[in-house]
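For reference, the chains in residue letters:
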Amino acid sequence: MGQIVASEKLLKAVASLNQLVDKHQLQEPEILQEAQQIIAELVAKDDWLPEEMAVPHPQFYRQYLLYGDPLDRFSLVSFVWGPGQKTPVHDHTVWGVIGMLRGAEQDQSYEWKDGLLRAVGEAKTLQPGDVACVSPTIGDIHQVSNVYDDRVSISIHLYGGNIGRINRSVFDAATGQRKPFVSGYSNEFVPNLWAAPAGA
Ligand code: FE
């Protein structure tokens, strides 16, 4: 495999996110507000994701790291859903912003209390360009699935930590049982943000 060359759009988003997390005085609502704008801009047009970061797996959804902050203040991930794929019910333990890039996904929120899991509200459908947030403050447990059973969907996820290494939880939807979970990353290579972009 050759190098994975990132577009200027990804570099611009990473630069903006660095500037955002450098503002130490910001509280979570302000961070989420600004981060949502950065992600909304990134997913406004589906013309920048390297194709290596868009490859589905026949069985499992993929999480390709696009960029990880060396100080673990944020990570940016391409979430690739094969037809009909879905996550288990899970939490994040850090704030997160989801931007829909391609296809559509369904997002069902849950609450876990006294060992019991229950769905909260109606499932929401994210269409390309839509942005949603999670966090322990505003609701951190959900299950996400590809709306389509005949094509790939892709969303871009930003988290307030190194999400692939964070100790978090999955929940058995039937029994509410909570299990420790570390998600990891699917990719062997990360995009090269330092090279001249392809076609530049
Ligand atoms: Fe999630």
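Before reading further, recall that the structure is shown in the block above.
Residues numbered from 1 in each chain as written. Predicted model: local features only at pLDDT ≥ 70, side-chain atom pairs only at ≥ 80, totals over all residues. Heavy atoms only, no water.

1. Points about the overall build of the chain
Rules: Counting from the N terminus, the helices are DSSP H or I runs at least four residues long and the strands are E runs at least two residues long. Every radius of gyration here is taken over C-alpha atoms, with the globule rule written as 2.2 Å times N^0.38, N being the number of residues. Here the term buried applies to any residue with accessible area under 20% of the maximum for its type, exposed to any over 50%, and partly exposed to those in between, with areas from a 1.4 Å probe on protein chains only. Between two residues, a contact is recorded if the distance between any of their heavy atoms is within 4.5 Å.
Along the chain, the regular secondary structure elements total 2 helices and 11 strands. Going from N to C terminus, the chain has its helices and strands arranged as α-α-β-β-β-β-β-β-β-β-β-β-β. Its C-alpha radius of gyration of 16 Å places the chain within 12% of the 16 Å reference for a compact globule of 200 residues. Its C-alpha atoms give the chain principal-axis dimensions of roughly 55 × 45 × 25 Å. For the chain, with 200 residues in total, the buried portion stands at 47%. Across the chain, contacts joining residues at least 24 apart in sequence account for 75% of those joining residues at least 6 apart.

2. So, the coordination of the iron ion
Worth spelling out the cut-off: Coordination here is defined by N, O and S atoms within 2.8 Å of the metal (3.2 Å for Na, K and Ca), and since water is not considered, a site can look incomplete.
Every protein donor of the iron ion is accounted for by H90 (NE2), H92 (NE2) and H142 (NE2), and the metal-donor separations fall at 2.1 Å. Read N to C, the donor residues that coordinate the iron ion are spaced as H-x1-H-x49-H. Residue classification places H92 among the buried positions, given a relative accessible area of 2%.

3. A closer look at the nonpolar core
The nonpolar side chains of soluble globular proteins are, as a tendency, buried together. Applied cut-off: Grouping buried Ala, Val, Leu, Ile, Met, Phe, Trp, Tyr and Cys residues that are joined through side-chain atoms within 4.5 Å yields what is termed a nonpolar core.
Counting 33 residues, the largest nonpolar core has L10, W48, L49, L66, L76, I156 and L158 as the members making the most contacts within it. Ranked by the residues each element gives to this core, the list is headed by helix α2 (residues 28-43), at 7 residues. Ranked by size, the runner-up nonpolar core spans 10 residues in total, among them Y61, V77, I163 and I166.

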